[in-house]
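# Report on the structure
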Amino acid sequence: MKNLIRLPGLIDPHVHLREPGAIQKEDFQTGTKAAIAGGFTTVLDMPNNPIPTVTPEALQQKIDLAKGQLFSDVGFHFGASRESIQYFSKVQDLVFGLKLYMNHTTGELLIEDEFVLEEVFSAWTKEKPIMVHAEADTLKKAISLAKKFNNKLHVCHVSLKEEVEVIKAAKQDGLNISCEVTCHHLFLTEEDVKRLGSYGMMKPPLRSKEDQEVLWQALTDSTIDMIGSDHAPHTKEEKTGKKIPNGVPGLETTLPLLLTAVNKGQLSQEKLIEITLTNPKKIFGIPEQKKTWIEVDMDESYVFKNENLQTKCGWTPFAGMKVTGKLKKVVLRGQLVFDGKNIFGPYGRAMV
Ligand code: DOR
Ligand code: ZN
Ligand code: ZN
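Residues numbered from 1 in each chain as written. Chains lettered and ligands numbered in written order. Predicted model: local features only at pLDDT ≥ 70, side-chain atom pairs only at ≥ 80, totals over all residues. Heavy atoms only, no water.

### Examining the coordination of the zinc ion (ligand 2)
Taken together, the protein donors to the zinc ion (ligand 2) comprise H133 (ND1) and H157 (NE2), at separations of 2.1 Å. In this structure, the zinc ion (ligand 2) is positioned 3.7 Å from the zinc ion (ligand 3). One end of the pair, H133, is in strand β6 (residues 130-133); the other, H157, is in the loop between β7 (153-155) and α6 (161-172), and 24 residues separate them in sequence. The exposure classification of H133 matches that of H157, with both residues buried. (Donors = N, O, S within 2.8 Å, 3.2 Å for Na, K, Ca; no water. Helix = DSSP H or I, 4+ residues; strand = E, 2+ residues; numbered from the N terminus. Buried < 20%, exposed > 50% of the residue type's maximum accessible area, 1.4 Å probe, protein only.)

Right, here's the structure in full:
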């Protein structure tokens, strides 16, 4: 007997689809195939492309490129830079959030200057989140700016105990703040870096067992609002080359890992839906997808293999891990788009 359950199509608010400019890593087709193969019918794409999405022209070029290529629905985030502030009012209706890098990572987007940061928080619409990459102490600065300028703040990939504490306090303080956690921070620790080498390197890095336990607790008590895969593919050549880029793919491993946690009693099924659908939908104002659902077999076990992935990068830091809970079917607006093996489409839309 199969133990099949039906869930709504899931939402991932944080993916790097890499097009344009880095299509050796991923492109709109392969990235959204990976989304569908992972149960995500909506994903939001990040702006840190080689030519960053920081002008209305770059955003429009991205939208035009995406059209006709998408297997899942895709929405976009705009990038914050000194020069992009002038375009905020022009683009805010076309995107779901503003991504602000306050620490250095892949790409050129980074703002450290206090004065520019103030301008960013002051100029961005109060209706849509500013998504910050802000680790440890930098997070405190982001929170005080959001407080000062009354912004909706979304904290990407929380990974440290102290970050959880700061966010918890800000929530109690009445701030309009939300946050996400990745599955690599929930299921891997710094111990795994020894085994994974550069394939276990991302920003923020893998943390201690103690941090990991705090993340699980924060999911349970709703300090953490959602899962963001931070799907950040890089090729094997890049990951084993001279200058190793940070980032790991995540779209195809997130749901099975979470289903495994449900099977272990670490997470309730209600909580799973809250963190992969209800909360991201509410916080990012994502429209309803009619007649869209996924089917999983809660009892089917399998081992993640690099060979079986849709992502162009062709590897996962979870290779060799056994999971229980398998995606069997995805239906998007009444169309079968995944039958457990094959992907059909492209039937996705650019959400603008
Ligand atoms: O590990 C990361 N990779 N962290 C980021 O913030 C960016 C991402 C990427 O785009 O590769
Ligand atoms: Zn980030
Ligand atoms: Zn990211």
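### Focus on the environment of G75
Along the chain, G75 falls in strand β4 (residues 73-79). You can call G75 buried: its relative accessible area is 0%. Linking G75 and K326, residues 251 residues apart in sequence, is a C-alpha distance of 26 Å. Those residues in contact with G75 that sit more than four places away from it in its chain are V43, L44, D45, F96 and M351. (Contact = heavy atoms within 4.5 Å.)

### As for helix α1 (residues 28-37)
In terms of burial, α1 is a largely internal element, eight of the 10 residues being buried. Every buried residue of α1 is accounted for by F28, T30, G31, T32, A34, A35, I36 and A37. On the buried face of α1, the contacting elements are β3 (40-45), α2 (56-66), β4, β11 (322-332) and β12 (335-338). Residue D27 occupies the N-cap position of α1, its side-chain oxygen lying 2.9 Å from the main-chain nitrogen of Q29. Looking one or two residues beyond α1, the residue adopting positive phi is G39, at roughly 90 degrees. (Polar contact = N/O pair within 3.5 Å; in protein donor to acceptor, adjacent residues only side chain to side chain.)

### Focus on the nonpolar core
In terms of nonpolar packing, the biggest core is built from 92 residues, with L100, V120, F121, V132 and L153 touching the most fellow members. What F121 contacts, discounting residues up to four positions off in sequence, is L100, K126, I130, V132, A142, L145, A146, F149, N151 and L153. Core analysis: the second largest hydrophobic core is formed by 15 residues, Y101, M131, C156 and M226 among them. (Core = buried A, V, L, I, M, F, W, Y, C linked by side-chain atoms within 4.5 Å.)

### Some words on the coordination of the zinc ion (ligand 3)
Taken together, H14 (NE2), H16 (NE2) and D230 (OD) make up the full set of protein donors to the zinc ion (ligand 3), lying 2.0 to 2.2 Å away. Spacing between the donor residues of the zinc ion (ligand 3) along the chain follows H-x1-H-x213-D.

### Topic: the site of ligand 1
Neighbouring ligand 1 are H16, R18, N48, T105, T106, H133, M202, K203, A232, H234, N246 and G247. The contact in question runs from an oxygen atom of ligand 1 to an N or O atom on the side chain of T105, over 3.1 Å. In the complex, 100% of the free accessible area of ligand 1, which totals 290 Å², lies under the protein chains. Put simply, ligand 1 lies in the largest cavity. (Near = heavy atom within 4 Å. Areas by Shrake-Rupley, 256 points an atom, 1.4 Å probe, with all protein chains shown as cover. 1 Å grid on protein atoms, 1.4 Å probe; cavity = no way out; pocket = protein on both sides within 12 Å on 5 of 7 lines; lining within 4 Å. Sits in = over half its atoms within 2 Å of the grid points.)

### So, the sheet that holds β12
Working definition: the strands of a sheet are paired by backbone hydrogen bonds and lie parallel or antiparallel to each other. Taken in spatial order, the four strands make up an open sheet running β1-β10-β11-β12, and their pairing is antiparallel. What marks the edges here is a single partner per strand, and that holds for β1 (4-8) and β12. Taking the axes of each pair of neighbouring strands and ignoring which way they run, one obtains an average angle of 35 degrees across the sheet. Pairing of strand β10 (residues 293-303) with β11 involves eight bridges; the strand directions are antiparallel. Following the sheet pairing, D297 is matched in β11 by K326. Contacting β10 and β11, helix α11 (residues 254-263) crosses the sheet at an angle of about 120 degrees to β11. (Pairing = 2+ DSSP bridges. Axes fitted to C-alpha atoms, helices over the stretch in contact; angles between N-to-C directions.)

### As for the side chain of R207
Take R207: it is sitting in the loop between α8 (191-196) and α9 (209-220). Relative accessible area serves as the criterion here: at 16%, R207 is assigned to the buried category. A polar contact is formed between the side chain of R207 and the side chain of E135, at a distance of 3.4 Å. Once residues lying within four places of it in the same chain are set aside, the contact partners of R207 are E135, S159, L160, H185, T189 and E190.

### Let's talk about the sheet that holds β7
Taken together, the eight strands give an open sheet; going across it, the order is β2-β3-β4-β5-β6-β7-β8-β9, and neighbouring strands pair in parallel fashion. Two strands close off the open sheet at either side, each with one partner strand: β2 (10-15) and β9 (226-227). Here three bridges tie β4 to strand β5 (residues 97-101), and the two strands are oriented parallel to one another. Its bridge partner lying in β5, F78 is registered against L98. Strands β3 and β4 of the sheet are contacted by α2, whose axis makes an angle of about 165 degrees with β4.

Shape is all these values report; function is a separate question.
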